[in-house]
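This is what each chain is made of:
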Amino acid sequence: MNNGITDQFNPIKAINTLRDNAVAIEMLGEKIHAKRIQLIKDLALLMDAEEQARRDLFEKEIKASFARDFIKLQTAKQQKSHDIVKEELRMLEDQRDIIVEINNCLKASFKIHELEAKNLNLSQA
């Protein structure tokens, strides 16, 4: 089973893949932008939750270790949401980078194919 991997270069398939990947990169770019906005909003919620927890906490006299635990407990939901979005953003950026690298390889293959065809024409002339 070769999983679609071949040593034969097909320029038509390469052009179609480049076009499809360009569309995929654009779509991923939109998703990345949306995730970045979501990440900013989640970070703001996290900061608000931490600020509220500090206000709630410092109305009383307590130990520092309790203060840290209380703030962590009060902000856990927002921290989890923030961390999930951050990881989703990283995964989308990784997908985009992979597609860009595939496109770069296809462009190089296409250029090599063109040069080989040009050299064949020159040697036959």
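Before reading further, recall that the structure is shown in the block above.
Rules used in this analysis
- Residues numbered from 1 in each chain as written.
- Predicted model: local features only at pLDDT ≥ 70, side-chain atom pairs only at ≥ 80, totals over all residues.
- Heavy atoms only, no water.
- Helix = DSSP H or I, 4+ residues; strand = E, 2+ residues; numbered from the N terminus.
- Buried < 20%, exposed > 50% of the residue type's maximum accessible area, 1.4 Å probe, protein only.
- Phe/Tyr/Trp six-rings, centres within 6.5 Å; stacked < 30°, edge-to-face > 60°.
- Salt bridge = Lys/Arg side-chain N within 4 Å of Asp/Glu carboxyl O.
- Core = buried A, V, L, I, M, F, W, Y, C linked by side-chain atoms within 4.5 Å.
- Contact = heavy atoms within 4.5 Å.

> Outline the environment of M47, supporting the account with residue identities and numerical values.
Mapped onto the elements, M47 comes out in helix α1 (residues 11-57). According to the relative accessible area criterion, M47 is exposed, its value standing at 52%. Measuring from C-alpha to C-alpha, the distance between M47 and K13 comes to 49 Å, with 34 residues separating the pair along the chain.

> Now, about the packing of aromatic side chains: what can you tell me, with residues and values included?
Tallying each qualifying case throughout the model produces 1 aromatic pair. Note on F66 and F70: the rings are 6.1 Å apart at their centroids and 35° apart in plane angle, and the pair reads as tilted. Here F70 and F66 lie together in helix α2 (residues 64-124), a separation of 4 residues that amounts to about one turn. Looking at F66, the relative accessible area reads 43%, which means it is partly exposed.

> If you had to explain the pattern of salt bridges to someone new, which residues and values would you point to?
For the structure on display, the rule yields 9 salt bridges. With a closest N to O distance of 3.1 Å, R55 and E51 form a salt bridge. Note that R55 and E51 are positioned in helix α1 at a spacing of 4 residues, about one turn of the helix. The exposure class assigned to E51 is partly exposed, which follows from its relative accessible area of 43%. R96 is the partner of D97 in a salt bridge, and the nearest nitrogen-oxygen pair spans 3.2 Å. D97 sits in the partly exposed class, given a relative accessible area of 42%. Overlapping salt bridges bring together E87, R90 and D94 as one network.

> Pulling in residues and values, what's your account of the nonpolar core?
With 7 residues, the main nonpolar core is built from L28, I32, L39, V85, L89, L92 and I99. For this core, the secondary-structure elements that each account for two or more residues are α1 and α2. The element that contributes the greatest number of residues to this core is α2, accounting for 4 residues. In contact with L39, not counting residues within four places along its chain, are H82, V85, K86 and L89.

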